[in-house]
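Now for the letters of each chain:
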Amino acid sequence: MKIKKRFCHSYCLSGHPTLPCNVLKFKSTTIMLDCGLDMTSTLNFLPLPLVQRYVLMHPKTKQELKECSGHVFVDSVPEFCLPETELIDLSTVDVILISNYHCMMALPYITEHTGFSGTVYATEPTVQIGRLLMEELVNFIERVPKAQSASLWKNKDIQRLLPSPLKDAVEVSTWRRCYTMQEVNSALSKIQLVGYSQKIELFGAVQVTPLSSGYALGSSNWIIQSHYEKVSYVSGSSLLTTHPQPMDQASLKNSDVLVLTGLTQIPTANPDGMVGEFCSNLALTVRNGGNVLVPCYPSGVIYDLLECLYQYIDSAGLSSVPLYFISPVANSSLEFSQIFAEWLCHNKQSKVYLPEPPFPHAELIQTNKLKHYPSIHGDFSNDFRQPCVVFTGHPSLRFGDVVHFMELWGKSSLNTVIFTEPDFSYLEALAPYQPLAMKCIYCPIDTRLNFIQVSKLLKEVQPLHVVCPEQYTQPPPAQSHRTDLVIDCQPPATSYRRAEVLTLPFKRRYERIEIMPELADSLVPMEIKPGISLATVSAVLHTKDNKHVLQPPPRPAQPTSGKKRKRVSDDVPDCKVLKPLLSGSIPVEQFVQTLEKHGFSDIKVEDTAKGHIVLLQEAETLIQIEEDSTHIICDNDEMLRVRLRDLVLKFLQKF
Amino acid sequence: MDHECARLLPAVCAVLADPRQPVADDTCLEKLLDWFKTVTEAESSLLLLQENPCLLELLSHVPTLQDVSAGVLSFSLRLAGIFAAQEDCFQYLQVELLPGLFGAAGPLSRAVWAVPTVRSGWIQGLRSLAQHPSALHFLADHGAVDTVFSLQGDASLFVASAAGQLLVHILALSMGGRAEGHTCPQGDDWPTCAQKIVGHIEESLCSTDTSRVTQALNVLTTTFGRCQSPWTEVLWEHSPVLGSSDLGPWEMTAQALSRLGPTQAGPLALGVLKLHLCPQALRTQAFGVLLQPLACVLKATTQAPGLPGLLDGTSEDSVVADALLSSKSSCVGLLCRTLAHLEELQPLPQHPSPWPQVPLLRAVVTILRLCDGSAVPASSVGGCLCGTLAGCVRVQRAALDFLGTLSQGMGPQEQVTQVFAILLEYLERPDSSPMVLKKAFQATLRWLLSSARTPGCSGLGPHAVLFLPELFPVLQKRLCSPCWEVRDSALEFLTQLSRHWGGQADFRHVLLESEVPELTQQLLQDPESYVRASAVTAMGELSSRGLHATPTSPEQPEAQQSLLPEFLHILSADSEGFPRRAVMQVFTEWLRGGHADVARDTERFMATVLQVVSRDLDWEVRAQGLELALVFLGQTLGQPGPHCPYTVTLPKAAPPSPLTEVLGALCRVRLFEFAFRALFDCDRPVAQKSCDLLLFLRDKTAPYGSPWEAGGSPDSASVEAALQRWQAGEQGQPLGDLEPEAMLATLRSIDLEGLRGTLAQGSDHVEKSPQSLLRDMLATVGILQENQADCY
């Protein structure tokens, strides 16, 4: 059944294209797509254990702000930029769909503080590794107690007087301190695990399905569909052959709307080249007796880097150089990666049957080349040998063990810090450590889709409309001439920005309606064209739980008492005597002949854009014949009108 | 034809004429035809047919067979053509046999004509027999030319193309009798056959059917390409179609250049520019066409109006711009072809002059910048190019190749600086693909060498002095690349650099300051054999120049650690051939150049190396061992004579030692044993090389006369016995310690000339003989017969 225009709205709660948070109002459900946490806000804070000299700033904020090498930082527990909470009442969100472990870091803020009472859906590796990331984050921040929590500087009047980049920091009022482990556990308990291609019914109206997205262990894209509408949500996908299962593209076909987020943050760098750069610089440093520091997350790219080093270190004659992986969750991360066989690429899956560990870091650990520790304290200080390679967090360089190594190694030009995570600007990350003697190498490895791959994907999948963050519709600010670094599709993509509400364009507007058997029995179809039969139906439309049923109309009520009658007429819509429906077209020439036969003379026919006008000049009457309407216009001569009407009706079929 | 073949031939013909005995292998028939072609070149075909009546029987029988195989029929047609190529034989055959094969009553009218092989055989047969005027009459009488016309449009491309070729051949044959200068300009007195063909071509050219026009053009192209006789000019100038516009060939070319799209015009322009005699105006136009795409690129990226130097005021660049913008593949294709054409043109003596070096450099640097995304577009065309070319490997490769070629012309200071800057950028970029990187290394080397050749410059040249300190950190990084192709090309580049500049103080300083020598030495243990081989070559070069390692111990600041043990280890232990070959090449170079490690005790060096090499499984390593031995001989005995293909350059020719002493040395390093063993090597190049070496040795020792009368020496007999065993394949037994006189006697007793002759024949000369072919064919049939018997 064709229905009145039905709007589908999308509320954009995050301005970060790779850490999205959108809410989709689709049919009668409210679905949150991802809840990424923008941690770039932490770059405005001092690294946690650092002690800095005090510089007099604004009198009110002198306790809160510290200067360091010409940059001003907030001396406080780092805070994160939350998704927008005012745009929509988050307690009305029915479900949250998570696409990968990087895009769920804001989950405790949403589930614990907004009255949210729905369900969260995510795959098992997403939940497990997401938990590790959260655990690491909480651990990093909680183990360095810092009493001070700065808030004065956020006062708008004060903020605008501060030097850049603090002056320009946005949404500072939404910045919040890190959640606690208790909140993490509570949030994670609301998650329901799903598998790829599993169909999940939401309130009978909508079906959601996760698909492999090829980016990380358990990472998924989502399909949200009703009988007639299909929305695909593409977030953090990769077409490269790394460790996860390959991306499922075929299932994204025939979408009305494709929401595209999570593209690569470094569209001009190819990951292979960057891995090469990583290895070469690592080798050069270690050969010279220097140490290499790799700030990283405890899961994801690190698996690929370790695999790469596994092959490389022997060939480069570096087998004796120890690799250290330091994170409160290092052990779990290395072990988890080996047990999620079904979520891995085919190559790694087949190793499990040999049986062999799918990732070669198992062998690195066995041969003592890779060692992992929960922190720099304890065993690590006994085993520590230099030169070495250290993988540790956090990539923002604001908290975690990495801060210790930056202080330890920063003063020697023999050492190198290699940035591989693309989430933070390395220059901003390094700002509080300046002046720095150690070498800095930036080789961001981002395996997510680039614009060429997106353009191929869109050609393959052919969605009717594409919706994406505004950042993807214009070239990056630093490379404004690279007009190729945008999403190129027809019709042009609809873009959104933080705190914007978007009406999604749908072409199809149909609903599926069932007909009760007894009603269906009563229908008498009439064939109007070969293969097409029509029947009129009078019924009551009954709608419940997003299912629509046509039921036989109630029998006309017997007029018994006035009171009862009134109630019936309230409930039952008027069943007027139905006029027959007409179909067919009027052949003008024959119609004129018929008119002449019936005594009309002086007939003139004019062609118009939409049809014809038959002029009966004598009778001062006009018959306007168009494709879907016929009008007889005459002056107060009802007799004439009825006569003409009957002549018109002769040419039409009735049923 | 020899007796044995003549004896086998009837049986083979009988097999071929028997449809129940299919010839399993088509290549046999091809080989048989090849053999008959050689036989008829040497003998009279007529005589051959008369002496071997089975052949005539075969040729007359096959076309009458009902269920003849297409392969055999085609074979018969071609064979008949080969025989009929000789006029007397043609006369003999034309009465009955040839009409039956090539006439209307032959295969033409039968169902088997539908098989392309048969049509192809028919054409090839005619092509062979059309060698004399009588053949033309035969063709005319049997309407063969009309059939060839129709075959031009054959469904099989091979047949269609062969038909076109045949027409050209017939045309040339019929015009062949014309004396030069006697051709009537109108072509009215041309032979009927030629008139017919030309008429057909003209008709086809006027046809509305494109394929017919193409066929006619193909025939014309082949005619002009193959035959330069005056009559072809008549054909060109006075053919009603080609001559109708009153345009000469130059004008026509000019028109074509202006009308064709950039993709087609480019190759034509290149062709025009390669011509030696060609009007200047046309050359200018052609060069303009070739430069258009680059001018378009420059225009799209230049802020200033007007393009100095390159195509001022171009008018038709919108077509080129359209081609560049229409699609990525069209843009990439056009640019790559343009760059390749210019690269081909630049070194030619007839290249356009003045050569627009400055704008070309600008254009190619701009293209490279567009490819790495650093160019700033000045227009929407530029913006589009930027998106299309970003990261395009094909264009990067073509541009770097051309940039390398342009190094011959250098350029103004600031532009050369720009060139070095973009080259450094490409060498540094993590995104450069291994292939692009290799090209960048090659282009860099060419520019460095050119800059050193700048007049009035001594040493490296001003650019190189500035560039090298920036280059070495990049080279260091590339030597550590996880991608082996990158490590390999970095090593090759280093080898080239050291070869050219190993003696330059500036270069030595920068190299020794860097970690490149240590990294290179480390790569001797690389897991990839190609890289190990390149590392060996590079280290060998560095070591020759005294550059291979910085002093490790403070006590011996000048001492280089010897690489000899490491190289010997690679030679004896490396599992792959490439590194071992590389070691042998380095050793040969070292011996030639008098490298200290070798010169310290050359005899011991030779003895060790020859012993290791003689056991090597790779024949190239063994061959290289003989090369080393030859250099050694040259140094001990004096330069090899002119008959020897190898030239040995020695810095200072050492005075030849007395022969006894030399022979003693050769025995001590066991050179005789090595060379004798190699003489019976299962790989022919090794045996040949050894043969050459021993011949050289024998000739060198001959003038001294023999102090010991050969023949009676018992030692010699035992050596010869050992050699015979080796020849029989028993390689295990060593020769034992033997006296020089025994060696010399053995050397003189071996028929080296005879051996050289046998080796030159090739190992397959027996298998290639016609007897063997005929026997094989019979044997195959024999086997088939047995199988048939089993089946029944």
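All figures in this text were calculated on a predicted structure; none of them were measured in a lab.

Here is what the cut-offs are and how they apply
- Residue positions are counted from 1 within each chain, in the order its sequence is given.
- Labels follow written order: the first chain is A, the first ligand is 1, and so on.
- Note on the predicted model: pLDDT of at least 70 is required for a residue's local features to be given, and 80 or more for side-chain atom pairs to be given and counted; whole-chain, interface and lining totals, by contrast, use all residues.
- Derived side-chain values reflect all non-hydrogen atoms in the structure, with water molecules and hydrogen atoms excluded from consideration.
- Secondary structure follows DSSP: runs of H or I at least 4 residues long count as helices, runs of E at least 2 residues long count as strands, and numbering of each begins at the N terminus.
- Between the two quantities, the radius of gyration covers C-alpha atoms and the globule rule is 2.2 Å times the number of residues to the power 0.38.
- Only protein chains enter the accessibility calculation, which uses a 1.4 Å probe; a residue whose area is less than 20% of its type maximum is buried, one above 50% is exposed, and one in between is partly exposed.
- Throughout, a residue-residue contact means that at least one pair of heavy atoms, one from each residue, lies within 4.5 Å.
- Each accessible area value is a Shrake-Rupley result obtained with a 1.4 Å probe; residue values ignore everything except the protein chains displayed when judging cover.
- Should DSSP find at least two bridges between two strands, the strands are regarded as paired.
- Within this document, salt bridges are pairs made up of a side-chain nitrogen of Lys or Arg and a carboxyl oxygen of Asp or Glu, the two lying within 4 Å of each other.
- Whenever two N or O atoms come within 3.5 Å, that pair is a polar contact, provided that in protein one can donate a hydrogen and the other can accept it, and provided that, for residues adjacent in sequence, both atoms are side-chain atoms.
- Helix axes use the C-alpha atoms of the stretch in contact, all axes being lines fitted to C-alpha atoms, and the angles between their N-to-C directions lie in the range 0 to 180 degrees.
- The directions considered for the arc are those from the helix axis to the C-beta atoms.
- Two rings belonging to Phe, Tyr or Trp (six-membered ring only in the last case) form a pair when the distance between their centres is within 6.5 Å. Interplanar angles under 30 degrees mark stacking, angles over 60 mark edge-to-face geometry, and anything in between is tilted.
- As a reminder, the over-ring test applies to NZ of lysine and CZ of arginine, requiring each to be within 6 Å of the ring centre and within 35 degrees of the ring normal.
- Given a helix with a known number of residues, its expected span is that number minus one, times 1.5 Å.
- Note that bend, as reported per residue, equals the angle between axes fitted to the 7 residues terminating at that residue and the 7 residues originating from it.
- UniProt positions are given in the numbering used here, feature names are shortened, and annotations may be inferred rather than shown by experiment.
- Reported orientations rely on four angle classes, namely roughly parallel under 35 degrees, roughly antiparallel over 145, roughly perpendicular from 65 to 115, and oblique for the rest.
- Residues are grouped as follows: nonpolar covers Ala, Val, Leu, Ile, Met, Phe, Trp, Tyr, Cys and Pro; charged covers Asp, Glu, Lys and Arg; every other residue, Gly included, is treated as polar.

Here's the deal with the overall build of chain A
(1) Moving on: Tallying secondary structure elements over chain A gives 17 helices and 35 strands in all.
(2) Moving on: The C-alpha atoms of chain A give 34 Å as radius of gyration, which overshoots the globular expectation for 655 residues (26 Å, by more than 25%).
(3) Moving on: A burial count over chain A gives 51% of its 655 residues as buried.
(4) Moving on: Across chain A, the fraction of contacts at a sequence separation of at least 24, relative to all contacts at a separation of at least 6, is 71%.
(5) Moving on: Accessible surface, chain A as shown: approximately 30,800 Å² in total, 51% of it carbon and sulfur.

Points about the pairing of strand β29 (residues 547-551) of chain A
Residues and elements named next belong to chain A.
(1) Moving on: Bridge count for strand β25 (residues 513-515) against β29 is 3 bridges, and the pairing is parallel. When the bridges of β29 are listed, isoleucine 513 appears paired with histidine 548.
(2) Moving on: Between strand β28 (residues 540-544) and β29, which pair antiparallel in sequence order, lie 2 residues; one of them, aspartate 545, sits at a positive phi of approximately 50°.

So, the interface of chain B and chain A
(1) Moving on: Contacts between the two partners involve 19 residues from chain B, matched on the other side by 23 residues from chain A.
(2) Moving on: Our count for the chain B to chain A interface comes out at 1 salt bridge.
(3) Moving on: Run the count over chain B and chain A and you get 8 residue pairs in polar contact (both at pLDDT 80 or more).
(4) Moving on: Sorting the residues of the side of chain B that touches chain A by element identifies α21 (380-389), α25 (462-479) and α28 (516-522) of chain B as the ones contributing at least two each.
(5) Moving on: No other element matches α21(B), which puts 3 residues into the side of chain B that touches chain A.

Let's talk about the environment of Gln249(A)
All names here are of chain A.
(1) Moving on: Along the chain, the position of glutamine 249 falls in the loop between β14 (230-234) and β15 (257-260).
(2) Moving on: A C-alpha to C-alpha distance of 48 Å links glutamine 249 and serine 412, two positions 163 residues apart in sequence.
(3) Moving on: Among all residues touching glutamine 249, those that are not within four sequence positions of it are Leu239, Leu457, Glu460 and Val461.

Brief notes about the sheet that holds β15(A)
Neighbouring strands of a sheet are bound in pairs by backbone hydrogen bonds; such pairs are parallel or else antiparallel.
Residue and element names in this part refer to chain A.
(1) Moving on: Pairing is mixed across the open sheet formed by 7 strands, whose spatial order is β11-β12-β13-β14-β15-β22-β23. The outermost strands of the open sheet, each flanked by one partner alone, are β11 (200-202) and β23 (494-496). Averaged over neighbouring strand pairs, the angle between their axes works out to 20° when direction is ignored.
(2) Moving on: Bridge analysis of strand β13 (residues 220-225) against β14 gives 4 bridges, and the strand direction is antiparallel. Counterpart to isoleucine 224 in the pairing with β14 is valine 231.

Here we look at unusual backbone geometry
Residues and elements named next belong to chain A.
(1) Moving on: Cis geometry marks the peptide bond from glutamine 434 to proline 435, where omega comes out at -5°.
(2) Moving on: Take proline 435: it is sitting in the loop between α12 (426-430) and β21 (439-442).
(3) Moving on: In this structure, the amide linkage connecting glutamine 490 to the following residue, proline 491, adopts the cis form with an omega of -10°.
(4) Moving on: Backbone geometry places asparagine 254, a non-glycine residue, at a positive phi of 60°.
(5) Moving on: Assignment of secondary structure puts asparagine 254 in the loop between β14 and β15.
(6) Moving on: A positive phi angle is found at alanine 499, which is not glycine, with a value near 65°.
(7) Moving on: Its place among the elements puts alanine 499 in the loop between β23 and β24 (500-504).

Comments concerning the pattern of salt bridges
(1) Moving on: All told, the structure shown has 45 salt bridges over all chains when counted by the stated rule.
(2) Moving on: For Glu84(A), the salt bridge goes to Arg498(A), with nearest N and O atoms at 2.8 Å. Here Arg498(A) lies in the loop between β23 and β24 and Glu84(A) lies in the loop between β6 (80-81) and β7 (95-97), a separation of 414 residues in the sequence.
(3) Moving on: Overall, the relative accessible area of 12% leaves Glu84(A) in the buried class.
(4) Moving on: Salt bridges here are not isolated pairs; linked through shared partners, they connect Glu589(B), Arg592(B), Glu627(B) and Lys689(B).

Comments concerning the pairing of strand β22 (residues 465-469) of chain A
Taken residue by residue, a regular strand's side chains alternate between the two faces of the sheet.
All names here are of chain A.
(1) Moving on: β22 sits mainly inside the fold: 4 of its 5 residues count as buried.
(2) Moving on: As judged from the 3 bridges shared by β15 and β22, these two strands associate in the parallel manner. Bridge pairing in β22 links leucine 258 to valine 466.
(3) Moving on: The pairing of β22 with β23 spans 3 bridges and is classified as parallel. Residue pairing for β23: cysteine 468 is matched across the bridge by serine 495.

Some remarks on helix α30 (residues 564-573) of chain B
Residue and element names in this part refer to chain B.
(1) Moving on: Buried within α30 we find Leu564, Phe567, Leu568, Ile570 and Leu571. One side of α30 holds all its buried residues, which, seen down the axis, span an arc of 155°. α30 presents Pro565 and His569 as exposed residues on the side facing more than 90 degrees away from its buried surface.
(2) Moving on: Residues of α30 that are buried sit in contact with α29 (529-544), α31 (577-593), α32 (596-599), α33 (602-614) and α34 (619-637).

Brief notes about the side chain of Thr29(A)
Residues and elements named next belong to chain A.
(1) Moving on: Among the structural elements, threonine 29 can be located in strand β3 (residues 29-33).
(2) Moving on: Threonine 29 sits in the buried class, given a relative accessible area of 1%.
(3) Moving on: Within the local environment of threonine 29, its side chain forms a polar contact with the backbone oxygen of phenylalanine 26, the two atoms lying 2.7 Å apart.
(4) Moving on: Ignoring any residue separated from it by four or fewer positions in sequence, one finds threonine 29 in contact with Leu24, Asp94, Leu202, Phe203 and Val206.

Considering the packing of aromatic side chains
(1) Moving on: This model, assessed by the stated rule, comprises 37 aromatic pairs over all chains.
(2) Moving on: The interplanar angle of 45° and the centroid separation of 5.3 Å between the aromatic rings of Tyr303(A) and Phe359(A) together place this pair among those described as tilted. Within this pair, whereas Tyr303(A) is found in helix α6 (residues 301-315), its partner Phe359(A) is found in the loop between α8 (346-352) and α9 (361-366), the two being separated by 56 residues in sequence. A single burial state applies to Tyr303(A) and to Phe359(A), both of which are buried.
(3) Moving on: On the numbers, 5.5 Å between centres and 20° between planes, the contact of Phe567(B) with Trp590(B) is stacked. Of this pair, Phe567(B) sits in helix α30 while Trp590(B) sits in helix α31, and the two are 23 residues apart along the sequence. For the pair Phe567(B) and Trp590(B), a shared accessibility class is recorded, and that class is buried.
(4) Moving on: Three or more aromatic residues joined by ring pairs form one cluster here, namely Tyr324(A), Tyr373(A), Phe380(A), Phe384(A), Phe405(A) and Trp409(A).
(5) Moving on: For the cation-ring pair, Lys348(A) lies above Phe359(A), with the distance from its terminal atom to the ring centre recorded as 5.0 Å.

What about α6(A)?
Residue and element names in this part refer to chain A.
(1) Moving on: End to end, α6 covers 22 Å across 15 residues, agreeing with the expected 21 Å (1.5 Å per residue, within 8%).
(2) Moving on: Most pronounced at leucine 309, the bend in α6 amounts to some 30°.
(3) Moving on: When you tally the buried positions in α6, you get 11 out of 15 residues, the bulk of the element.
(4) Moving on: Within α6, burial applies to Val301, Ile302, Tyr303, Leu305, Leu306, Glu307, Cys308, Leu309, Tyr312, Ile313 and Ser315.
(5) Moving on: Note on α6: the residue one or two positions beyond its end, glycine 317, has a positive phi of about 70°.

Focus on the UniProt feature "domain: Beta-Casp" (unreviewed entry) in chain A
(1) Moving on: Under the feature "domain: Beta-Casp" (unreviewed entry), the UniProt entry names residues 302-430 of chain A.
(2) Moving on: With 43% helix and 12% strand, residues 302-430 of chain A has its two end C-alpha atoms placed 21 Å apart.

Quick notes on the packing of α34(B) against helix α37 (residues 684-701) of chain B
Residue and element names in this part refer to chain B.
(1) Moving on: It is at 9 Å that the axes of α34 and α37 come closest, and there the two elements cross at 10°. Viewed along their axes, α34 and α37 adopt a mutual orientation that is roughly parallel. Only Pro685, Val686, Lys689, Ser690, Leu693, Phe696, Leu697 and Lys700 of α37 make contact with α34, whose side of the interface consists of Trp619, Arg622, Ala623, Leu626, Glu627, Ala629, Leu630, Leu633, Gly634 and Leu637.
(2) Moving on: Among the residues forming the contact of α34 with α37, the class breakdown is 12 nonpolar, 2 polar and 4 charged.

Details of the environment of His276(B)
All names here are of chain B.
(1) Moving on: Residue position: histidine 276 is located in the loop between α16 (262-274) and α17 (280-301).
(2) Moving on: Under the relative-accessibility criterion, histidine 276 is labelled exposed at 65%.
(3) Moving on: In sequence terms histidine 276 and glycine 288 are 12 residues apart; their C-alpha atoms lie 18 Å from each other.

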